[in-house]
Amino acid sequence: MSPCAHLMDITARPDLVFVEGRGSWLTDQTGKRYLDFMQGWAVNTLGHSPPALVTALIRQASQLINCSPAFYNVPMIELADMLCHASALDQVFFTNSGAEANEGAIKLARKWGALHKGGAHRLVTLDGGFHGRTLATMAASGKPQWQALFEPKVTGFDKVPPNDIDAVSRAIRPDTVAVMVEPIQGEAGVISMTDDYLRALRALTRAHGLLLILDEIQTGIGRTGKMFGFEHAGIAPDIMTLAKGLGGGVPLGALLATHAASCFVHGDQGGTFCGNPLMTALGVAMLREVMKPGFLEHVTAMGDALTEGLTALAARHGFGSVRGRGLLLALDLKAEIGPSIVAAARDAGLLINAPKPNCLRFMPALNVTADEIGMMLDLLNQIICGMKP
Ligand SMILES: *Cc1c(COP(=O)(O)O)cnc(C)c1O
């Protein structure tokens with residue numbers, strides 16, 4: 001029996017009800033504890049209920065929760081300044097989710113095309129890409145399972161395979177306005193764009209006068225060991241979207257653009273909750289933690305430790321390679337055993353994810369410790385040994 005018949009059945013939830021979280025640990029209604037290497041889908045940058053967020057939440061809630069998006073508020077201004085300073089982009093629009101940020105990016109690109117490129121409005125996006133679940137962002141995504149859903153689609157998206165710069169060249173038409181990609185495709189199974197490919201995309205979009213839109217919703221805010229994924233390639237986008245890790249667990253997204261690309265005028269964009277002080281105050285608290293000296297170095301060191309441990313585990317059990325960067329990693333299982341490992345792991349008190357049946361994804365808190373990584377690897381090894389016939 002499902003714990004609740006009054007929730008729309010939109011995913012196969014296990015019969016567990018969670019009641020508490022602390023750092024890398026979650027507790028269910030029966031008191032059972034779970035080591036969490038999903039962290040709300042790469043969302044809880046500092047783990048569950050980190051003191052920095054709890055303090056900021058209580059302070060801001062008692063001061064000002066919402067004053068309308070038509071007015072300035074202090075945390076909104078502070079977070080916009082911090083994000084622009086960190087990214088070298090110029091202006092921000094805050095959203096409540098990643099899909100809403102990407103929807104805004106698509107609108108901004110179309111607006112820019114209307115103003116500066118004779119009405120060009122098409123976007124080149126990638127096979128396997130994931131940009132959200134609104135009608136436009138589903139159309140922008142390259143998930144094969146979505147192709148037949150919710151017809152008719154929002155039009156104007158041309159899909160090409162990842163890491164193929166010639167395919168992007170061929171897909172560019174006179175009415176193309178932008179190319180939109182994720183530096184690492186998380187939902188597709190942690191498929192990295194190479195630094196060379198991102199640099200080539202930057203050069204190609206410049207040569208054609210197109211906007212480069214980076215969806216950093218999963219890769220941004222330190223996840224790969226740099227503040228933003230694009231820093232590894234030494235490039236800069238015209239438009240970038242953030243969400244997931246930006247709020248550290250609360251609904252907060254951002255659409256950022258250069259001065260040249262930031263062309264919305266009054267009435268083009270908005271949203272009742274956009275930029276509310278409660279959520280933006282948490283964004284400020286999050287960024288302050290991630291910007292502390294040594295934080296990103298810790299992410300890189302823990303990413304290396306996890307990669308090393310998973311590589312050894314793979315050698316022991318005949319799995320494939322470890323993919324990804326920083327603390328967004330996947331292990332190629334070389335067989336479609338991901339869902340059964342995930343289920344056995346959950347029973348054993350470990351939460352991991354299989355974005356595809358043939359791989360496991362690891363997205364722990366960025367302040368995860370070496371001990372927790374060691375514990376996770378031990379548990380995973382026991383689980384896999386226990387599953388062998
Ligand atoms: C999660 C995700 C989204 C969608 O964000 P939501 O907050 O779920 O709307 C978009 N793009 C990428 C790369 C994501 O990982």
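Above this text is the structure in question.
Residues numbered from 1 in each chain as written. Predicted model: local features only at pLDDT ≥ 70, side-chain atom pairs only at ≥ 80, totals over all residues. Heavy atoms only, no water.

Asks: Which residues make up the pattern of salt bridges, and what are the values?
Replies: Taken as a whole and judged by the stated rule, the model has 11 salt bridges. In this structure, the salt-bridge partner of glutamate 151 is lysine 153, at a minimum N-O distance of 2.9 Å. Across the pair arginine 202 and aspartate 238 runs a salt bridge, and its minimum N-O distance is 2.9 Å. Of this pair, arginine 202 sits in helix H7 (residues 195-207) while aspartate 238 sits in the loop between strand E10 (211-215) and strand E11 (239-242), and the two are 36 residues apart along the sequence. (Salt bridge = Lys/Arg side-chain N within 4 Å of Asp/Glu carboxyl O. Helix = DSSP H or I, 4+ residues; strand = E, 2+ residues; numbered from the N terminus.)

Asks: Can you lay out the packing of aromatic side chains for me, pointing to particular residues and giving the numbers?
Replies: Counted according to the given criterion, the structure contains three aromatic pairs. Seen in terms of ring centroids, phenylalanine 228 and phenylalanine 230 are 5.7 Å apart; in terms of plane orientation they differ by 5°. Their pairing is stacked. With relative accessibility at 0%, the residue phenylalanine 228 sits in the buried group. Overall, the relative accessible area of 5% leaves phenylalanine 230 in the buried class. Here the basic side chain of arginine 33 rests over the ring of tryptophan 25, its NZ or CZ set 4.5 Å away from the ring centre. (Phe/Tyr/Trp six-rings, centres within 6.5 Å; stacked < 30°, edge-to-face > 60°. Buried < 20%, exposed > 50% of the residue type's maximum accessible area, 1.4 Å probe, protein only. Lys NZ or Arg CZ within 6 Å of the ring centre and 35° of its normal.)

Asks: Requested: an account of the pairing of strand E1 (residues 18-22), with residues and values cited.
Replies: As defined by bridge partners, E1 adjoins strand E2 (residues 25-28) across four bridges and the pair is classed as antiparallel. Paired with glycine 21 across the strands is leucine 26, a residue of E2. (Pairing = 2+ DSSP bridges.)

Asks: An account of the packing of helix H9 (residues 295-317) against helix H11 (residues 370-387) is needed here, citing residue identities and associated values.
Replies: For the pair H9 and H11, interaxial distance at closest approach is 10 Å and the crossing angle is 15°. By the angle between their axes, H9 is roughly parallel relative to H11. The way H9 lies across H11 gives a crossing that is right-handed. Contact residues: H9 offers Met302, Leu306, Gly309, Leu310, Leu313, Arg316 and His317, while H11 offers Ala370, Ile373, Met376, Leu377, Leu380, Asn381, Ile384 and Cys385. When grouped by side-chain class, the residues that make up the contact of H9 with H11 number 11 nonpolar, three polar and one charged. (Axes fitted to C-alpha atoms, helices over the stretch in contact; angles between N-to-C directions. Parallel < 35°, antiparallel > 145°, perpendicular 65-115°, else oblique. Left-handed = near helix turned anticlockwise from the far one by under 90°. Contact = heavy atoms within 4.5 Å. Nonpolar A, V, L, I, M, F, W, Y, C, P; charged D, E, K, R; others polar.)

Asks: Let's hear about a nonpolar patch on the surface: which residues, and what values?
Replies: On the surface, a cluster of nonpolar side chains totalling about 240 Å² of accessible area is made up of Val54, Leu57 and Ile58. Along the polypeptide, leucine 57 turns up in helix H2 (residues 51-63). (Patch = residues over 30% accessible without salt bridge, like charges linked within 9 Å, V, L, I, M, F, W, Y side chains within 5 Å. Areas by Shrake-Rupley, 256 points an atom, 1.4 Å probe, with all protein chains shown as cover.)

Asks: Report on the sheet that holds strand E13 (residues 322-325), specifying residues and quantitative values.
Replies: The four strands lie next to each other as E13-E14-E17-E16, forming an open sheet whose pairing is antiparallel. Each end of this open sheet is capped by a strand with a single partner; those strands are E13 and strand E16 (353-356). Within this sheet the neighbouring strands show an average axis-to-axis angle of 30°, counted without direction. As defined by bridge partners, strand E14 (residues 328-332) adjoins strand E17 (residues 359-362) across four bridges and the pair is classed as antiparallel. Paired with leucine 331 across the strands is leucine 360, a residue of E17.

Asks: Go over H7 with me, naming the residues and quoting the values.
Replies: Over its 13 residues, H7 runs 18 Å from end to end, which matches the ideal 18 Å to within 8%, given 1.5 Å per residue. Burial in H7 covers these residues: Asp195, Tyr197, Leu198, Leu201, Arg202, Leu204 and Thr205. Tucked into the core, H7 has its buried residues touching strand E5 (122-126), helix H6 (165-171), strand E7 (176-181), E10 and E13. Positioned one or two residues after H7, glycine 209 has a phi angle of 65°, which is positive. (Expected span 1.5 Å × (residues − 1).)

Asks: Explain the sheet that holds E2 residue by residue, including any values.
Replies: What the four strands build is an open sheet, ordered E1-E2-E3-E15; its pairing is mixed. The sheet is open, and its two edges are formed by E1 and strand E15 (350-351), each paired on a single side.

Asks: Kindly report on the environment of aspartate 371, identifying the contributing residues and their values.
Replies: Tracing the sequence through the fold places aspartate 371 in helix H11. Aspartate 371 gets classed as exposed once you look at its relative accessible area, which sits at 62%. Taking C-alpha positions, aspartate 371 is 21 Å from valine 342, a pair spaced 29 residues apart along the chain.

Asks: Quick one: what's the story with the site of the ligand, residue by residue and with numbers?
Replies: Near the ligand, the surroundings consist of Ser97, Gly98, Ala99, Asn102, Phe130, His131, Gly132, Glu182, Asp215, Ile217, Gln218 and Lys244. Alanine 99 is positioned such that a nitrogen or oxygen atom in its backbone is 2.7 Å from an oxygen atom of the ligand. The separation between an oxygen atom of the ligand and a polar side-chain atom of glutamine 218 is 2.8 Å. Protein burial of the ligand: of its 380 Å² of free accessible surface, 82% is covered by the chains. For the shell around the ligand, the leading source of residues is helix H4 (residues 98-116), giving three residues. Taken together, the residues that form the shell around the ligand break down as three nonpolar, six polar and three charged. (Near = heavy atom within 4 Å. Polar contact = N/O pair within 3.5 Å; in protein donor to acceptor, adjacent residues only side chain to side chain.)

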